[in-house]
Every structure is written in structure tokens, then in C-alpha cells.
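# Analysis of the macromolecular model
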Amino acid sequence: MVMTAAAARAAELRAQLNHHAYQYYTLDAPQIPDAEYDRLFQELQALEAEHPELVTADSPTQRVGGERLPELREVRHQKRMASIRSDTSYNEEAAIKWDEEVRRRLAGNDDVKSRLAARKILVPAEIEYAAELKFDGLAISLRYEKGLLVLAAARGDGEVGEDVTANVRTIALIPKRLARTDILVLEVRGEVYMSVADFHRYNKLQEQKGGALLKNPRNAAAGSVRQLDPKLTASRPLSFFAYGLGEVIGWEMPTHHSDVLLQLRELGFPVCDFKATAVGGIGLVSFYRRVAAQRQSLPFGIDGVVYKVNDRDLQEALGEGTNYPHWAFAHKFEPEEVTSVLRAIEIQVGRTGKLTPVAKIEPANVGGVTITSVTLHNEDEARRKDVRIGDTVIVRRAGDVIPEVVGVVLDKRPADVGEPFDLYKRLGGQCPVCGSQIVREEDEVDWRCSGGISCPAQRKQAVLHFAQRRALDIEHLGDKIVDQLVEAGAIRTLPDLYKLGLASL
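Parameters and conventions
- Residues numbered from 1 in each chain as written.
- Predicted model: local features only at pLDDT ≥ 70, side-chain atom pairs only at ≥ 80, totals over all residues.
- Heavy atoms only, no water.
- Helix = DSSP H or I, 4+ residues; strand = E, 2+ residues; numbered from the N terminus.
- Buried < 20%, exposed > 50% of the residue type's maximum accessible area, 1.4 Å probe, protein only.
- Contact = heavy atoms within 4.5 Å.
- Areas by Shrake-Rupley, 256 points an atom, 1.4 Å probe, with all protein chains shown as cover.
- Pairing = 2+ DSSP bridges.
- Axes fitted to C-alpha atoms, helices over the stretch in contact; angles between N-to-C directions.
- Expected span 1.5 Å × (residues − 1).
- Core = buried A, V, L, I, M, F, W, Y, C linked by side-chain atoms within 4.5 Å.
- Parallel < 35°, antiparallel > 145°, perpendicular 65-115°, else oblique.
- Left-handed = near helix turned anticlockwise from the far one by under 90°.
- Nonpolar A, V, L, I, M, F, W, Y, C, P; charged D, E, K, R; others polar.
- 1 Å grid on protein atoms, 1.4 Å probe; cavity = no way out; pocket = protein on both sides within 12 Å on 5 of 7 lines; lining within 4 Å.
- Points joined across faces, edges and corners; volume = space filled by probe spheres on them.
- Phe/Tyr/Trp six-rings, centres within 6.5 Å; stacked < 30°, edge-to-face > 60°.
- pLDDT = per-residue confidence, 0-100.

## A closer look at the overall build of the protein chain
- Summing up its helical and strand segments, the protein chain has 16 helices and 18 strands in all.
- Put simply, the protein chain has 505 residues, and 51% of those count as buried.
- Within the protein chain, counting contacts between residues at least 6 apart in sequence, those at least 24 apart form 69% of the total.
- Taken as a whole, the protein chain presents about 24,300 Å² of accessible surface, with 50% of it coming from carbon and sulfur.

Written out as C-alpha cells, the structure is:
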């Protein structure tokens, strides 16, 4: 009876995880936050460890993850593109425990000891590690033959990936030809990502021309590389960091991973400067703390750090398991995605009359910040995500990115959930502040109040914009004072600032 229940639960977990992996990797439309996925994955791992007979070929624990889009050509990796075992306890002690595990494996595993002896490798008292950032983008393998980029492949399931060469060729930071043509084969592994600043700039331009907005830098990078149209990829501001190697023929590689990164930089590949060599578990904890303290100020998204045994001879001796290399470990940070219940949708009126739906949610702590309001961007976005009052929603905040709703947890949708969002119907066709007619041009995604400067909301924002440092540079004229002046009728047009003498302050 117990076994029957375990088998049923394992089947249920496999179905859920495969579904959510498909939503995340293939459709770029996650339905649950990363922390919830990790919880389900760990539950399945524990079940399979207790009942090995429940392990199936299609279990998410038996593959790297990520189904391939059928429209992209399949390619087989010459050297497996394995993922890295990760810890999601968000506890510093995980670094200490992993260092202890590495030392135990070097000292007590018979296969490892025989490989060490055969190559006359001595194990140091303390292990040196290359400590790096765990980038939040899309893993890519770049294959160069005699210095020429001949193939770029996404990871896929680790054995077979997707040919994205045409798209990757549009990324300026990735060299198309190397100065050295004597290296017969060089496969460089790395991450395609979008910086926070580029993400903001792109969305601002899209907003101005009424185009679709990107959801977040991570999904933007993954979705951009896996497009069918290289022109669309070329329009996206993508970046790249190299962090490792695949198949190599005809190149005498450095003996340490940290030196491999230096050599890759000399070959023309971008390599992240935020890295270090660390000795022992204490050194790893120090790096983890340093990165955590600076995480919010980084110009790109990360979700943790990666530790790699630095000596490549020790890496080869440690070897690889079925799914993960035994010489590398990913130490994650607390996720910047959480779930919360959407209690109301309010409409804000901006300086240009733009009407923005804002979700009011139950207070949620995301990345150390308590959030109660989350942007829905516009009606089209709210309807595309099918966000409704009463829904449990996934909320994301990364760096200085405005908190936003990533998606809806449909499994938790209540029976009495509200109707699909309809901004015009919700407002009865009138501005919620001044009552003027709301309008939307045929080629725009935003509804706008037609009241212009006569609308108090637009007037307040116009005054604040007019008084800012790059315009009149009026000091001490903040939100509260402008609210009072507009509500009292002291400012009806921008020239009224001169009548009040504020412009000369």
C-alpha cells in the first residue's frame, strides 16, 4: 500500500515537473516560481532515493531538462553539456558541506583513488576552487573549427541540443572567427544574457512604439536566442560570458580552470571579472557572502554562485556522475520570485495620460523588499497572462527592475475568480481621475486619458516633470507639495509655476 502511494506520488511529481519545464524552457511562460519548482524536484529526488525502482527514463532527475523546439534543427553535443548539481537551502553551510564531500571523494572513493594513482597526482590538504557567478540566462555551446565559428547549440537535454547558430551570429560579443587557426576544435561553453540596463532600454523603446514588452532579462535572453527569425534576435541587446569548455582538439589547455578563463579572454571571449580562487570551504563561504552583498548592484541577473575544483587533473579524477560532474557545485541564493494573492487592480494615470493597471497584492517579501503593488504594464499584457482578481500570481523583482507579475498559478485559481481584465469596461470608458473619455489609437497598446493638462493626475506629473533637474531644476517641489497646489487650484497650467514664483527658487 505504501509502495502504491509512493509510485502514484512519483508519477504525479514527474508530470508536474515535466509540465513546468515545458512552460519554462519551451514556451518561455513559467507558471510557478523557481523556489516551488526546486521544492517539487527535491521531493521527487527523495522519493527515488528511497525507492530506486521508481526511477524512470523520463524522470526530470535523469536529464538536464528542457525540451527542444521542433522547428530548430537537432544537434548532438560531442561532449555532454551537463548541468551542475545545485543546493537550494540558501544556507552558507552548503559550501562547507560540499568541500567536505569533495575531500571525502578524493580520499575514499576507490575509482577516484585509482585514477589519482595512475597519474601520480597528489591531493593537497586543502582544495583550491574557482568561484564564479551563476548567470541567469541561456547556456550555449560555441564550436570553433580552425578558428571559425561553425556551430552554436543550446543545451537541450544535455546530449542533444538545438542549432541556434544563425541567431548567435547576431550577438556582437561572440567572436565569429578566432585569431588562432591552429586549434582544430574548440568548444566554448557560456551564457547568453541580457543586462538590466539593456532590458530597460529595450522595453522603453518598445513602449514608445507600442510594441510587446519583454517580461524579464532572463526570459528575454532565452527567448531571443531560440527564435526562428535571426532578425528578431539581432534586434535584442544580448550579451555573453564564457565560463568553460566542451570538446577540445589541438590545444594544450592550462592545468587550472582559472587559467583556462584567462586564455579564453586572450582568445577574444568575454569573461566575467567577478570571480575568485578560494581555498577550502571557508574561502567558498567568503565568496558567497561577498556576492550576496553585491547581488542587487550587479548589472546583470544571477541566481547563485558556482564552485569548481580548480585543478583540472583533480577534476578528471573526480569524474562525472549520471547527471552532474563531481567537481562542480551551484550554490543558489534566495529566489526573487514569490507567489501572492491579487486582491485588486487599480488604474494609474501618467504624465502623458497613459493608463497603467497596477495589481494590489497581499504583502510579499521579494529579495528582502516588501511589495504590495505590482505593475501589469497594460491591458494587453494583463489579458495575455490572464490575470484576474483573486488569482495567486507569481511576482518577480530582480535588481532595480520594477516588480511585475510573471504569471498565474492556475492550479490555485478559485472558483469565484473575477472576469478577464477589461480596462475600458472597468472604467466605463472614462478617466478614473477627471472623467474624460479614454482613447486608444489603432497601433498602440495603451489606453490614455483625453483630458490633457486639465486632468489633475496628468497636471501633477507634468509639473513634477517640468520642475525636475533637467528642466527648471526647482528644489523642494516634491509630490506632496504638487498634490496640494493642484488640488487647491493654484496650478492649472504650467505657466502658473511662474506666477507662484516657484520657477525662480
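Picking up after the structure, the text goes on.
## Focus on the sheet that holds strand β10 (residues 302-309)
- The 5 strands are arranged β2-β11-β10-β3-β9 in an open sheet whose pairing can be described as mixed. The outermost strands of the open sheet, each flanked by one partner alone, are β2 (86-87) and β9 (276-279).
- With 2 bridges connecting them, β2 and strand β11 (residues 328-332) associate as parallel partners. Within β11, the position partnered with Ser86 by the bridge is Ala330.
- With respect to the sheet, helix α10 (residues 280-294) is in contact with β3 (128-135), β9, β10 and β11, its orientation differing from that of β9 by roughly 140°.

## Quick notes on α10
- For α10, built from 15 residues, the straight-helix expectation of 21 Å at 1.5 Å per residue is met to within 8% by its first-to-last C-alpha distance of 22 Å.
- Along α10, the positions that sit buried rather than exposed are Gly280, Gly281, Gly283, Leu284, Val285, Phe287, Tyr288 and Val291.
- Each element contacted by the buried residues of α10 is listed here: α3 (93-108), β3, β9, β10 and β11.

## Re the nonpolar core
- Membership of the largest hydrophobic core comes to 39 residues, with the highest contact counts inside it found for Leu133, Phe300, Tyr307 and Val309.
- Listing elements by their share of this core, those giving two or more residues are α3, α4 (110-118), β3, β8 (239-249), α10, β10, α11 (312-318) and β11.
- The next biggest cluster of nonpolar side chains, apart from the first, holds 35 residues, and it includes Ile174, Ile183, Phe240 and Trp251.

## Quick look at the packing of α3 against α10
- At a minimum axis separation of 8 Å, α3 and α10 run at an interaxial angle of 150°. The orientation of α3 with respect to α10, classified from their angle, is roughly antiparallel. As for the relative orientation of α3 and α10, their crossing is right-handed in sense. The segment α3 lies against α10, with Ala95, Ile96, Trp98 and Asp99 engaging Gly280, Gly281, Ile282, Leu284 and Val285.
- Residues that form the contact of α3 with α10 fall into these classes: 6 nonpolar, 2 polar and 1 charged.

## Let's talk about the pairing of strand β16 (residues 404-408)
- Here β16 lies mainly inside the structure; 5 of its 5 residues are buried.
- Bridge analysis of strand β15 (residues 392-396) against β16 gives 4 bridges, and the strand direction is antiparallel. Bridge assignment links Val393 to a residue of β16, and that residue is Val408.

## Comments concerning empty space enclosed by the protein
- As enumerated under the stated definition, the model contains 3 cavities of 30 Å³ or more in all.
- Size it by volume and the largest cavity reaches roughly 160 Å³.
- Lining the largest cavity are 17 residues, with Asp34, Arg295, Asp303, Pro335 and Glu336 sitting closest to its centre.
- At the level of elements, α2 (34-50) and β10 are the ones that each hand at least two residues to the lining of the largest cavity.

## Here we look at the sheet that holds strand β7 (residues 185-193)
- Spatial strand order, β1-β6-β5-β4-β7-β8: 6 strands in an open sheet with antiparallel pairing. Each edge of the open sheet is held by one strand with a lone partner, namely β1 (74-76) and β8. Sheet twist, expressed as the average angle between the axes of neighbouring strands with direction ignored, equals 40°.
- Sheet topology note: the strand β4 (residues 138-145)/strand β5 (residues 148-154) ladder contains 6 bridges and is antiparallel. Residue pairing in the sheet places Ser141 in a bridge with Ala153 of β5.

## Some remarks on the packing of aromatic side chains
- Summed over the entire model, instances satisfying the criterion amount to 13 aromatic pairs.
- Centroid distance Phe274 to Phe287: 6.1 Å. Interplanar angle 85°. Geometry classified as edge-to-face. Pair noted here: Phe274 is in the loop between α9 (257-266) and β9 and Phe287 is in helix α10, with a separation of 13 residues, a long-range link. Across the pair, exposure class does not vary: Phe274 and Phe287 are buried alike.
- Note on Tyr424 and Trp447: the rings are 5.3 Å apart at their centroids and 40° apart in plane angle, and the pair reads as tilted. Within this pair, whereas Tyr424 is found in helix α13 (residues 423-427), its partner Trp447 is found in the loop between β17 (438-439) and β18 (448-449), the two being separated by 23 residues in sequence.

## Things to note about the confidence of the model for the protein chain
- Residues of the protein chain with pLDDT of at least 70 account for 88%, and the chain-wide mean is 86.
- Between residues 64-68, whose pLDDT stays under 50, and residues either more than four places distant or in other chains, the model counts 21 contacts.

## Describing the side chain of Ser224
- Position of Ser224 among the secondary structure elements: in helix α7 (residues 217-225).
- The class for Ser224 is buried, based on a relative accessible area of 0%.
- Excluding residues within four positions of it along the chain, Ser224 makes contact with Asn167, Thr233, Arg236 and Leu238.

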